[in-house]
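Here is how the chains run, residue by residue.
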Amino acid sequence: MKDVVLTGDRPTGPLHLGHYFGSLANRVRLQDVHPMYVLIADYQVITDRDLPGRIQRNITELLLDYLAVGLDPAKVTIFRHSAVPELNQLLLPFLSLVSVAELQRNPTVKDEIAHSSQRAVSGLMFTYPVHQAADILFCKGTLVPVGKDQLPHVEMTRLVARRFNERYGEVFPLPEAMMGEHPLLRGLDGGKMSKSRGNAITLSATEDETAALIRKARTDSDRLITFDETHRPEVANLLTLAALCLGRSPQDVAEEIGYGGAAALKRLVTEAVNEFLCPIRKRRKEHSEQDVRQILADGDERARERAVVTLDEVRAAMGF
Ligand code: TRP
């Protein structure tokens, strides 16, 4: 059976190079091989915050990021939670398939609660992984390209699919997670790359913003540049970033710099990143707000057609 790929992002801010090498590059490759859905997970934004914020702007920017990296709306169905009621309705029967204890055991949810600044933990915080099962199963997705933090959610999806099939008959495939093959890219301060930490190069950053961020990056004072992830993690991370952009190995890049020190390293990284982002920046400018609205409307409609069929099948299997 042919794979169906489903993946998505929460529209909470611009995508960065960590997203690119972790997941977007994979998607661009997969869109030529498999039917693919990319979800703009707008309802998931309110899991860990009180308000959706600048949601329309963030959706537009996320779609522009997708188009800029080369996702092709003629091949990929890009859609939103909020436009596909039939997907959301799957949440109800799916919630009946899992126990409260199982919801409370999810390590990613626990971690998010520990790092949340919300006063109270909402019910959605515990149930959104089941909603994510609906995201994946509405189109009978079988391959889910995600980062490591999402593995518990794919596990939850398999549990939901297995239990549904056991109780009501064979309806859903059991999806597999697909992890990026690239090494983890850290932020420019050595921590997790994240927009909120100000340590990430976003795909929409200008040349000057990119240069400024790299200028501020943490390094060390050893003039001989070597690739040593254990003892020189910040230098190694910059080498990895340049290597990914150049399609070379980090050792090779280190050798080229030799005794040039941090200054030469940063110069090389800046050039490599800006060169890499050049076609992405260009493609981003090719799309108007009007395009974006049309692409979303088309994707929402296609996703909805698929969701209607699955929900009918679910209702029939359950005897409603
Ligand atoms: N939770 C994912 C994230 O924060 C986004 C997401 C929502 C997702 N639904 C999904 C990813 C379904 C893969 C499959 O990045």
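So, a few notes on the structure that sits alongside this text.

Here is what the cut-offs are and how they apply
Residues numbered from 1 in each chain as written. Predicted model: local features only at pLDDT ≥ 70, side-chain atom pairs only at ≥ 80, totals over all residues. Heavy atoms only, no water. Helix = DSSP H or I, 4+ residues; strand = E, 2+ residues; numbered from the N terminus. Polar contact = N/O pair within 3.5 Å; in protein donor to acceptor, adjacent residues only side chain to side chain. Contact = heavy atoms within 4.5 Å. Core = buried A, V, L, I, M, F, W, Y, C linked by side-chain atoms within 4.5 Å. Buried < 20%, exposed > 50% of the residue type's maximum accessible area, 1.4 Å probe, protein only. Near = heavy atom within 4 Å. Areas by Shrake-Rupley, 256 points an atom, 1.4 Å probe, with all protein chains shown as cover. Nonpolar A, V, L, I, M, F, W, Y, C, P; charged D, E, K, R; others polar.

### Things to note about the side chain of Lys140
Position of Lys140 among the secondary structure elements: in the loop between helix H7 (123-137) and strand E4 (143-145). Polar contacts involving the side chain of Lys140 include one to the main-chain carbonyl oxygen of Val171, which spans 3.1 Å. A distance of 2.9 Å separates the side chain of Lys140 from the side chain of Glu313, its partner in a polar contact. Ignoring anything within four residues of it in the chain, the contact list for Lys140 reads Val4, Val171, Pro173, Arg306 and Glu313.

### Focus on the nonpolar core
Among the nonpolar cores identified, the biggest contains 58 residues, and Leu17, Leu63, Tyr66, Ile201, Leu241 and Val273 are the most heavily contacted of them. In this view, Leu241 contacts Leu17, Leu185, Leu188, Ile201, Val269 and Val273; residues no more than four positions away in its chain are not counted.

### Notes on the site of the ligand
In the vicinity of the ligand lie 13 residues, with Leu6, Gln44, Gln132, Asp135 and Gln150 positioned nearest. Note that a nitrogen atom of the ligand is positioned 3.2 Å from one of the side-chain N or O atoms of Gln132. Contact between the ligand and Gln150: a nitrogen atom at 2.9 Å from a side-chain N or O atom of the residue. For the ligand, whose free accessible area comes to 370 Å², the fraction covered by protein is 88%. Counting residues per element, the ones that place at least two in the shell around the ligand are strand E1 (5-9) and H7. Broken down by class, the residue content of the shell around the ligand amounts to six nonpolar, five polar and two charged.

Bear in mind that shape data such as this cannot, by itself, settle questions of function.
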